[in-house]
Amino acid sequence: MRKIPGISRRTFLGTTAGAGAAIVAGRSLAAQAPQSPQAAAAAGGPPQDLMLVNGRIHTMDARNTIASTVTIRNGRFAAVGTAPQRGAAPPNTQTIDLRGRTVVPGLIETHLHGLDTADRPGYHVLELESAGTIQGVQEVLAEQRKAVPEGQWMTAIGAANTNLWAEHRFPTLKELDAAVPDRPVLLYQGFNGAAATNTLGKKFFDAADAAAPLHPDYLGVHVSETGAIAQSNAQTGGPSTNTLYLLRRRQKFEDKKRNALRTMAYSTSLGLTAWLDKSTIYALGPLHPRQGSAAVDPYRSRDAWNEVHHEGRMSMRVQMDFTCFAERDDNAMLKEYLKNALPYFGDDMLRTAGIGEWPAPAAAVEQTRAAQRLVAQARWRCDNDASNLAGLTQLVEQLEAVNKEFDITGLRWNVNILGGGVGWVAAGLLDRLQALGCSIQLSANNWVNSNNPSVVAGQAYRTINQHPIHKSLFSNATHISPLNPWLHIYYVVTGVNSYGQQVNPDEHLTREEALRLRTRESSWHLRMEDRLGTIEPGKLADLAVLDRDYFSVPDAEIKKIRSVLTVVDGKIVHEAAGVRTGA
């Protein structure tokens, strides 16, 4: 794999990698580099093909073809067939019998903030977001603890949203102790907490509170007897952000690389094989006690991913936007990005993308107009947000004004549809965006914070999906919602929130429609529609073999879907125990 040179503060590349510890069917998968079929070939011999047979392979092509065999050669799909495999496999071919399992193209995430997970202190356990219950949390922690050295922290930051668990609360100190008595644990929700810890964690934080403050603005953690840690103020910080300050001071570069690998392993265990990362709500300046989970150094936070890429340990594809969320200085940061970075620079495993999620602070309307002009003049793609009718109307008018000066119709600008409710995304506005060559991305994560059955959480998925504009579904992971795509797909096809309440009636998608938006349609947003998103000859070989049939299982089972075999670029990057033996 070609290596990308090191980078400066001005031209940093966000990159991603690998495989690390992941919970798969109750088992831990050790960190490893992607395993290629070629590795099984005799030394000096020709590369092996990989043939998957006897499956139900949903190609998601224009005809919705369901195949039974697929052959992968040199990182691409070489053949896709509907006839059952008969007789011996061709020479120099690794064959895996799928025994009727469902296969889908690798899922694509078009809007998340996942690269930040490398900056999570401790051994980060994203798997907690999929645990389902407090007991599930305990089981995941106990399993993951086996790979955590003595004295090291186990953390779940952002992944610990209480609406992801049936009890809608944090585990208590005693419950965390029952799972992990001999490693300190920190669970942390969203940007600024609240949080929870176990006995060893409380001992550490209590000692820090009793000692001389490490920073003038350190306000103390003040862990309760039940292990609870209070939420912090977004401007001044507080107990929860103080925990991050204490743990981040201990973090080393190798820790960040390890967490990058762990994140990639978890992603591929879900069948998620490509990201379009929207960067972060960053923090400029030195480490500080008021900085929340997203407050990372935008110039250095991608270094760990870049190094993992240099080491050849990528296990999924990543594109990365550059954001200018917090600047207040005449778009100076944006100007430096546009002068010193290149859009869509890299390879198919690691590539820069555009400007987004924000070209400027969203509330600074005139600064945003100026930023949009700069991006258009430089011929970059630009991402913008809208969360209500007034905001979307204003944005469309701004983009039309920019287009009169600098043609953006071929640049694939995008609007992220946020907010709740239905009916505010008017068809006329979508028509105008489509005329500008723009796309939309629909938030699928409203269920995470929806707990009032009288409030329609949206989006109007069915209505919007009938419009021909390019569109995708997104998770907005990993600070405020889960990375797990199946949790979001469940909501989109049912309208049922985390309390079991129907909060989006009449606007559900079919399962096929939702999957198409997460595969074939999402590839357009990565400018890879000719190479990704479907299982067709000539396209890059990314796919997931599922542990249950997405198209027929009861609705509640959708949330439990995992991949038992994930292939990226023709390489097996995730494999659950027993796949080849049928165990």
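Residues numbered from 1 in each chain as written. Predicted model: local features only at pLDDT ≥ 70, side-chain atom pairs only at ≥ 80, totals over all residues. Heavy atoms only, no water.

Colleague: Sorry, what's going on with the environment of Val125 here?
Modeller: With respect to the helices, strands and loops of the structure, Val125 is situated in the loop between β11 (123-124) and α1 (134-144). Taking relative accessible area as the criterion, Val125 reaches 1% and is therefore assigned buried. Taking the C-alpha atoms as reference points, Val125 and Arg145, separated by 20 residues in sequence, lie 9.7 Å from one another. What Val125 contacts, discounting residues up to four positions off in sequence, is Val140, Gln144, Met154, Thr155, Ala156, Ala159 and Arg262. (Helix = DSSP H or I, 4+ residues; strand = E, 2+ residues; numbered from the N terminus. Buried < 20%, exposed > 50% of the residue type's maximum accessible area, 1.4 Å probe, protein only. Contact = heavy atoms within 4.5 Å.)

Colleague: Mind showing me how you'd approach unusual backbone geometry here?
Modeller: For residues other than glycine, phi is negative in most cases, and the peptide bonds are mostly trans. Omega for the peptide link from Gly458 to Gln459 comes to 0 degrees, which places this bond in the cis form. Mapped onto the secondary structure, Gln459 falls in the loop between β21 (439-443) and α11 (461-465). For the peptide bond that leads from Ala477 to Thr478, omega is 10 degrees, which places it in the cis range. Mapped onto the fold, Thr478 is located in the loop between β22 (471-474) and α12 (485-494).

Colleague: Sorry, what's going on with the pairing of strand β7 (residues 76-81) here?
Modeller: Every other side chain in a regular strand lies on the same face of the sheet, so the side chains alternate between the two faces. Pairing geometry for strand β6 (residues 69-73) and β7, over 5 bridges, is antiparallel. Paired with Arg73 across the bridge in β7 is Arg76. Two successive antiparallel strands, β6 and β7, enclose a turn made up of 2 residues, where Asn74 displays a positive phi of approximately 55 degrees. (Pairing = 2+ DSSP bridges.)

Colleague: Sorry, what's going on with the packing of α12 against helix α13 (residues 511-518) here?
Modeller: The geometry of a pair of packed helices is captured by two quantities: the angle between their axes and the separation between those axes. Contact pair α12 / α13: the axes reach a minimum separation of 10 Å and the direction vectors enclose 135 degrees. The angle between the axes of α12 and α13 places the two elements in the oblique class. Between α12 and α13 lies a crossing whose hand is right-handed. The segment α12 lies against α13, with Pro485, Ile489, Val492 and Val493 engaging Arg511, Ala514 and Arg518. Grouping the constituent residues of the contact of α12 with α13 by class yields 5 nonpolar, no polar and 2 charged. (Axes fitted to C-alpha atoms, helices over the stretch in contact; angles between N-to-C directions. Parallel < 35°, antiparallel > 145°, perpendicular 65-115°, else oblique. Left-handed = near helix turned anticlockwise from the far one by under 90°. Nonpolar A, V, L, I, M, F, W, Y, C, P; charged D, E, K, R; others polar.)

Colleague: Honestly, the pattern of salt bridges in this entry has me stumped. Any pointers?
Modeller: Any two side chains of opposite charge can pair, so long as their charged atoms come close to each other. All chains considered together, the criterion is met by 39 salt bridges. Note that Arg373 and Glu405 form a salt bridge whose closest N and O atoms lie 2.6 Å from each other. Of this pair, Arg373 sits in helix α8 (residues 365-378) while Glu405 is found in helix α9 (residues 389-405), placing the two residues 32 residues apart along the sequence. In the salt-bridge network here, residues are joined through shared partners; they are Glu254, Lys257, Glu311 and Arg313. (Salt bridge = Lys/Arg side-chain N within 4 Å of Asp/Glu carboxyl O.)

Colleague: It is not clear to me how helix α4 (residues 239-248) should be interpreted in this structure. Could you clarify?
Modeller: In an α-helix, one full turn covers 3.6 residues, which means residues spaced three or four apart are oriented alike. The buried fraction of α4 amounts to 10 of the 10 residues, a majority that puts the element mostly inside the structure. Inspection of α4 places Pro239, Ser240, Thr241, Asn242, Thr243, Leu244, Tyr245, Leu246, Leu247 and Arg248 among the buried residues, and these make up the whole buried set. On its buried side, α4 packs onto β12 (154-157), β13 (185-188), α3 (199-210) and β15 (228-229).

Colleague: Is there a simple way to think about the sheet that holds strand β10 (residues 107-112) in this case?
Modeller: Taken in spatial order, the 4 strands line up as β10-β16-β17-β18 in an open sheet, and their pairing is parallel. Taken across any chain shown, the strands that pair with only one partner, and hence form the sheet edges, are β10 and β18 (350-355). Put simply, the sheet's adjacent strands are angled 20 degrees from each other on average, direction ignored. Both β10 and strand β16 (residues 272-277) contribute to a ladder of 4 bridges, which runs parallel.

Colleague: Would you mind going over helix α6 (residues 303-310) with me for this structure?
Modeller: Of all 8 residues in α6, 7 are buried; the element is thus mostly enclosed. Those residues of α6 that are buried are in contact with α5 (253-269) and β18. Once α6 ends, the next one or two residues include Gly312, with phi positive near 75 degrees.

Colleague: Can you help me understand the packing of aromatic side chains in this one?
Modeller: What characterises a pair of aromatic rings is the spacing of the ring centres plus the angle enclosed by the ring planes. Using the criterion set out here, one finds 10 aromatic pairs in the structure. Ring geometry for Trp165 and Phe170: centres 6.3 Å apart, planes at 65 degrees, overall edge-to-face. With respect to burial, Trp165 and Phe170 carry one shared label: buried. The interplanar angle of 65 degrees and the centroid separation of 6.0 Å between the aromatic rings of Phe322 and Trp380 together place this pair among those described as edge-to-face. With Phe322 in strand β17 (residues 317-322) and Trp380 in the loop between α8 and β19 (383-386), this pair connects stretches of sequence that are 58 residues apart. The pair Phe322 / Trp380 is uniform in exposure class, with both members buried. Ring-pair connections join several aromatic residues into one group, and the members of that group are Trp153, Phe204 and Phe205. If you follow Arg258 out to its NZ or CZ, it ends over the ring of Tyr123, 3.5 Å from the centre. Above the face of the Tyr490 ring, Lys559 is positioned so that its terminal group lies 4.5 Å from the ring centre. (Phe/Tyr/Trp six-rings, centres within 6.5 Å; stacked < 30°, edge-to-face > 60°. Lys NZ or Arg CZ within 6 Å of the ring centre and 35° of its normal.)

Colleague: Honestly, the confidence of the model for the chain in this entry has me stumped. Any pointers?
Modeller: Interpretation of the predicted coordinates at a detailed level should be avoided for regions scoring low in pLDDT. Mean pLDDT over the chain stands at 90; residues scoring 70 or higher make up 91%. The low-confidence segment residues 1-33, where pLDDT is below 50, has 121 contacts with residues more than four positions distant or belonging to other chains. Considering only residues more than four positions removed or in separate chains, one finds that residues 35-43, a stretch of pLDDT under 50, has 16 contacts. (pLDDT = per-residue confidence, 0-100.)

Colleague: What's the story with the nonpolar core in this structure? I'm lost.
Modeller: A general trend in soluble globular proteins is that nonpolar side chains are found buried together. Of all hydrophobic cores here, the largest spans 107 residues; its most connected members are Trp165, Leu187, Leu392, Trp413, Leu433 and Tyr550. Counting residues in each nonpolar core, the second largest holds 20 residues, with Ala67, Val103, Leu543 and Ile572 among its members. (Core = buried A, V, L, I, M, F, W, Y, C linked by side-chain atoms within 4.5 Å.)

Colleague: Would you mind going over the packing of α5 against α6 with me for this structure?
Modeller: Relative orientation of the contacting elements α5 and α6 amounts to 70 degrees, with a least axis distance of 9 Å. The angle between α5 and α6 places the two elements in the roughly perpendicular class. Seen from α5, the contacting residues are Phe253, Lys256, Lys257, Ala260, Leu261, Thr263 and Met264; seen from α6, they are Asp303, Ala304, Trp305, Glu307 and Val308.

Colleague: For this particular structure, what's the right way to read the sheet that holds strand β20 (residues 414-417)?
Modeller: In a beta sheet, neighbouring strands pair by backbone hydrogen bonds and run either parallel or antiparallel. One open sheet holds the 4 strands; their spatial order is β19-β20-β21-β22, and the pairing between them is parallel. The sheet is open, and its two edges are formed by β19 and β22, each paired on a single side. Each neighbouring strand pair of the sheet contributes to a mean axis angle of 25 degrees, computed without reference to strand direction. Of the strand pairs in this sheet, β19 and β20 are connected by 4 bridges, and their pairing is parallel. Each residue of the ladder has a partner; that of Asp385, found in β20, is Asn416. In this fold α9 packs onto β19 and β20, with an angle of close to 150 degrees to the strand it touches most, β19.

Colleague: Whenever I open this one, the state of the cysteines confuses me. Can you help?
Modeller: Enumeration over the complete set of coordinates arrives at 0 disulfides. The structure places no disulfide on Cys382, whose sulfur is separated from the nearest cysteine sulfur, that of Cys324, by 9.3 Å. A relative accessible area of 0% means that Cys382 is categorised as buried. The closest cysteine sulfur to the non-disulfide-bonded Cys438 is located on Cys382, 9.3 Å from its own sulfur. (Disulfide = S-S within 2.5 Å.)

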